[in-house]
Amino acid sequence: MIIVTIIYLLLGSLLLIVSSRLSVRSADAEAKAIERIAAFVATRSGDISSLKNGVAYHHFVLCVVYVADRVNEEAYEPLRAIVRYYNIENELISRAWRSKNSGRRAYLLALLARLPLSMATVVKVEKFLTDKSADVRFYALMSIFSVAPYRAVAILESMEQRLSRREVAEILTLLGRGYCPIPYTKLIVSENYNLQLLGIHLVRRFGITESRAEIALIVRDLHNELRDDALETLAYFGERERFGKFTVI
């Protein structure tokens, strides 16, 4: 019995060592892929067909997402070329559609939302807006926000599901990559909960002090559920004036 136990322990140790070495190799290959992708994006030149060398497809997608998270809108054109060349948009959507696991679908759509997408994706992703999972519906909306903010706002207005503060923060992080094309005043004065919540946090995130009057109206409305959010935004504007203007990233 003792001998059998020792054999099991030795086998377990061996598997752990092999797994560890494979993980190190995989991490090294992914790091090199990230370097190649970043160089391609920075120089807007190079062999696009070699970017994936030595990396499994899904891990390569994660590498592209990693780079996309760390560049601004000016770098989107070469990233878009990578996404198009490796058919990443269609592959993520197809895998999400085939998956029977809602968590997996939400995860794949969350990756999709962080990439520079084509307008054709909007139609393909809209079918997930009726999914039973709230997370799947949200990340489908996020994907639309990344390519068609006006369309996303219209969808958000019609959604019964209320946004959480965390979800608002994710949307604003996405919008913060480039210029923010959404008309914030329309959001703030809206009677729709989701739109007003997004508007209040949008003007705070981007330091739009010109909206102070509209925010103050919300604060004066004792029956408005978002009164505390509006009050915090006014307080934030006060801190900006006290310490000087700065760029919100």
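So, how was this worked out
- Residues numbered from 1 in each chain as written.
- Predicted model: local features only at pLDDT ≥ 70, side-chain atom pairs only at ≥ 80, totals over all residues.
- Heavy atoms only, no water.
- Buried < 20%, exposed > 50% of the residue type's maximum accessible area, 1.4 Å probe, protein only.
- Helix = DSSP H or I, 4+ residues; strand = E, 2+ residues; numbered from the N terminus.
- Arc of directions from axis to C-beta.
- Contact = heavy atoms within 4.5 Å.
- 1 Å grid on protein atoms, 1.4 Å probe; cavity = no way out; pocket = protein on both sides within 12 Å on 5 of 7 lines; lining within 4 Å.
- Points joined across faces, edges and corners; volume = space filled by probe spheres on them.
- Core = buried A, V, L, I, M, F, W, Y, C linked by side-chain atoms within 4.5 Å.
- Phe/Tyr/Trp six-rings, centres within 6.5 Å; stacked < 30°, edge-to-face > 60°.

(A) Broad picture of helix 9 (residues 165-175). Turning to helix 9, its buried residues are Glu-167, Val-168, Ile-171, Leu-172, Leu-174 and Leu-175. Around the axis of helix 9, the buried residues are gathered within 155 degrees of arc, so they sit on the same side. Residues of helix 9 that are buried in the fold lie against helix 5 (102-113), helix 7 (134-147) and helix 11 (193-205).

(B) Quick look at helix 3 (residues 76-85). For helix 3, the full list of buried residues reads Tyr-76, Pro-78, Leu-79, Ile-82 and Val-83. Considered in projection along helix 3, the buried side chains sweep an arc of 165 degrees and stay on one side of the axis. Backbone geometry just downstream of helix 3 places Asn-87 in the positive-phi region, at approximately 55 degrees.

(C) Representation of the layout of surface pockets. In this structure, the second largest pocket occupies an estimated 260 Å³ of space. Asp-69, Glu-170, Thr-173, Leu-174 and Arg-177 are the residues nearest the centre of the second largest pocket, which is lined by 14 residues in total. Within the residue set of the lining of the second largest pocket, elements represented by two or more residues are helix 7 and helix 9. Per-element tally for the lining of the second largest pocket: the top contributor is helix 9, with 3 residues.

(D) Representation of the nonpolar core. If you look at the biggest cluster of nonpolar residues, it comprises 76 residues, and the most contacted ones within it are Ile-82 and Phe-145. Considering every element that reaches this core, the biggest residue donor is helix 7, with 9 residues. When sequence neighbours within four positions are dropped, the list of residues in contact with Phe-145 reads Ala-152, Val-153, Leu-156, Ile-171, Leu-174, Leu-175, Ile-182 and Leu-198.

(E) Local environment of the packing of aromatic side chains. Applying the stated criterion across every chain, the model contains 5 aromatic pairs. Ring centres of Phe-60 and Tyr-86 lie 4.6 Å apart, and the angle between their planes is 55 degrees; this geometry places the pair in the tilted category. A residue pair is termed long-range when its members are at least 10 positions apart, and Phe-60 in helix 2 (residues 57-68) and Tyr-86 in the loop between helix 3 and helix 4 (88-98) qualify at 26 residues. For Phe-60, a relative accessible area of 0% puts it in the buried group. The class of Tyr-86 is buried, set by a relative accessible area of 10%. On the numbers, 6.2 Å between centres and 50 degrees between planes, the contact of Tyr-236 with Phe-237 is tilted. Among the residues examined, Tyr-236 registers a relative accessible area of 21% and is labelled partly exposed. Cluster of aromatic residues (ring-pair linked, three or more members): Phe-60, Tyr-85 and Tyr-86.

(F) Spotlight on the environment of Ala-106. For Ala-106, the position within the fold is in helix 5. As for Ala-106 and Ala-134, which are separated by 28 residues in sequence, their C-alpha atoms are 8.9 Å apart. When neighbours within four sequence positions are excluded, Ala-106 is seen to be in contact with Asp-135, Val-136 and Tyr-139.

(G) Molecular detail of the environment of Ala-152. For Ala-152, the location among the structural elements is in helix 8 (residues 149-158). When the C-alpha positions of Ala-152 and Leu-141 are compared, they lie 6.3 Å apart, and in sequence the two are 11 residues distant. Look past the residues within four positions of Ala-152 in its chain and what remains in contact with it is Leu-141, Ile-144 and Phe-145.

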